[in-house]
Amino acid sequence: MPIVVACFKWVVDEAYIRKGSDGKLDFSSVDYKIGEYDRNAIEEAARLRDAGGGGSVIGVTVGAPESAKGVKDGLSRGMDKAFFVTDPSFKDLEPSQTAAILAEVIRTRIPEYDLITCGEGSSDLYAQQVGPRLAELLGIPCVCFVQKLSLEGGKLVADRRVEDGIEVVEAPLPALVTVLPDINTPRIPGVKDTLMAGKKPVTTVRKEELAGSFEGTLKTESMTASSLERTGEKLAADAAGITRFVDSLRKSGVIR
């Protein structure tokens, strides 16, 4: 009966991001969601619990107070209980800060667990750092880019995607994995799931209850929307058109 810790993040829904007239990103009308990759981490934790005939899934998330809505969403997706680590300063954290805070909470509040599941990266930053950093801070094995996973006799067996194919690895428990989107299909919570989520236990952890300062080292000066400019020209399929085409390629440096 495994105890699985599922880490997740409440992020901006990119579908609502707009490009302003000044070229900057407009977040004034955005909505939020649990990151796409983190949904796979929660689903895999629930699947392993159910396959083991019991146990529990403990969700842990770090964010500003307004991220509380994400806790209920996570509970409706199969988690049994959750830790919500919150402070107004816990907004737009760096991966190193998030990993350090998660490590502190797991180390002090969840002394016994078999596995930690994380998405391969967050839907906003996609730095792919939190999982490996967290495993290093906790001193446990880490297996990244997992697309198939099972727990067998005190160890995990995982298929992980590498550049040249699939690598099958084993690691002793407790351990941490970062999962790929194709490992499962996250469930869509129904009305009953949402109602039951409101009855599940949530422990709120404040910044002042944590040891350490968790100071960041990066500063975002500005953020500009990407742009793509295309210069198209229609050329005739005759000698003159071909000559113009070749001249254009020479001017652009494609050919010499």
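Look up: the structure comes first, before these words.
These remarks concern the structure in this document. Owing to the predicted nature of the structure, the values given are computational and were not obtained by experimental measurement.

Digging into the overall build of the protein chain
1) Next: Scanning the protein chain for helices and strands turns up six helices and 13 strands.
2) Next: If one aligns the C-alpha atoms of the protein chain with their principal axes, the spans along those axes are about 75 × 40 × 40 Å.
3) Next: Here the analysis covers contacts within the protein chain between residues at least 6 apart in sequence; of these, 68% occur between residues at least 24 apart.
4) Next: Total accessible area on the protein chain stands at roughly 14,600 Å², and carbon and sulfur atoms take up 51% of it.
5) Next: Distance between charge centroids for the protein chain: 4 Å, based on 33 positive and 38 negative side chains.

A short note on helix α4 (residues 130-138)
1) Next: Listing the buried residues of α4 in full gives Gly131, Leu134, Ala135 and Leu138. Down the axis of α4, the buried set is contained in an arc of 100°. They therefore lie on one face.
2) Next: Buried residues belonging to α4 abut β1 (3-7), α3 (95-109), β8 (115-119), β9 (142-152) and β12 (175-179).
3) Next: Backbone geometry just downstream of α4 places Gly139 in the positive-phi region, at approximately 70°.

Let's talk about the state of the cysteines
1) Next: Going through the model one piece at a time under the given rule, you end up with zero disulfides.
2) Next: Left unpaired, Cys7 is separated from the closest cysteine sulfur, that of Cys118, by 4.1 Å.

Considering the nonpolar core
1) Next: Counting residues in hydrophobic clusters, the biggest one holds 28 residues, and the most contacted among them are Leu115, Val143, Leu149, Leu156 and Val177.
2) Next: For this core, the secondary-structure elements that each account for two or more residues are β1, α1 (36-51), α2 (68-76), β7 (81-86), β9, β10 (155-162), β11 (165-172) and β12.
3) Next: The dominant element in this core, judged by the number of residues it contributes, is α1, at four residues.
4) Next: If we skip the residues at most four places from it in the chain, Val177 touches Leu115, Ile116, Thr117, Cys118, Val143, Val146, Leu149 and Leu156.
5) Next: Core analysis: the second largest hydrophobic core is formed by 26 residues, Ala103, Cys118, Val205 and Leu210 among them.

Brief notes about the environment of Val60
1) Next: Its location among the elements puts Val60 in strand β6 (residues 56-63).
2) Next: Judged by relative accessible area, Val60 falls into the buried class, the value being 0%.
3) Next: Residues Val60 and Gly74, 14 residues apart in the sequence, show an inter-C-alpha distance of 9.5 Å.

Observations concerning the pattern of salt bridges
1) Next: Summed over all chains, the structure comprises 16 salt bridges.
2) Next: For Lys9, the salt bridge identified is with Asp124, shortest N-O distance 3.1 Å. Of this pair, Lys9 sits in the loop between β1 and β2 (10-12) while Asp124 sits in the loop between β8 and α4; the two residues are 115 residues apart in sequence, bridging distant segments of the chain.
3) Next: A relative accessible area of 23% places Lys9 in the partly exposed class.
4) Next: Where Asp50 meets Arg49, a salt bridge forms, and the shortest distance between an N and an O atom there is 3.0 Å.
5) Next: By relative accessible area, Asp50 is classed as partly exposed at 48%.
6) Next: The class for Arg49 is buried, based on a relative accessible area of 11%.
7) Next: Three or more residues joined by partner-sharing salt bridges are found here, namely Asp13, Lys33, Glu36 and Arg39.

With respect to the pairing of β9
1) Next: Across three bridges, β9 lies against β12 in parallel orientation. Bridged to Cys142 within β12 is Leu176.
2) Next: Counting the residues that bridge the hairpin from β9 to β10 gives two residues, and of these Gly153 lies at a positive phi of roughly 55°.

Here we look at the sheet that holds β7
1) Next: Sheet architecture is open: nine strands sit in the order β11-β10-β9-β12-β8-β1-β6-β7-β13, paired in mixed fashion. Of all strands in the sheet, those with a lone pairing partner are β11 and β13 (202-206), marking the two edges. Each strand of the sheet is rotated relative to its neighbour by a mean of 30°, with strand direction disregarded.
2) Next: With eight bridges connecting them, β10 and β11 associate as antiparallel partners.

As for the packing of α3 against α4
Pairs of packed helices are described in terms of their axes, by the angle between the two and the distance that separates them.
1) Next: Where α3 meets α4, the axes come as close as 9 Å, and the angle between the chain directions of the two elements is 45°. Classified by the interaxial angle, the pair formed by α3 and α4 is oblique. Regarding α3 and α4, the two cross each other, and that crossing is right-handed. Here α3 contributes Pro95, Ser96, Thr98, Ala99, Ala100, Leu102, Ala103, Ile106 and Arg107 to the contact with α4, which in turn contributes Val130, Arg133, Leu134, Leu137 and Leu138.

Reading the values: the criteria
- Residues numbered from 1 in each chain as written.
- Predicted model: local features only at pLDDT ≥ 70, side-chain atom pairs only at ≥ 80, totals over all residues.
- Heavy atoms only, no water.
- Helix = DSSP H or I, 4+ residues; strand = E, 2+ residues; numbered from the N terminus.
- Contact = heavy atoms within 4.5 Å.
- Areas by Shrake-Rupley, 256 points an atom, 1.4 Å probe, with all protein chains shown as cover.
- Lys, Arg positive; Asp, Glu negative; His and termini not counted.
- Charge placed at Lys NZ, Arg CZ, Asp CG, Glu CD.
- Buried < 20%, exposed > 50% of the residue type's maximum accessible area, 1.4 Å probe, protein only.
- Arc of directions from axis to C-beta.
- Disulfide = S-S within 2.5 Å.
- Core = buried A, V, L, I, M, F, W, Y, C linked by side-chain atoms within 4.5 Å.
- Salt bridge = Lys/Arg side-chain N within 4 Å of Asp/Glu carboxyl O.
- Pairing = 2+ DSSP bridges.
- Axes fitted to C-alpha atoms, helices over the stretch in contact; angles between N-to-C directions.
- Parallel < 35°, antiparallel > 145°, perpendicular 65-115°, else oblique.
- Left-handed = near helix turned anticlockwise from the far one by under 90°.

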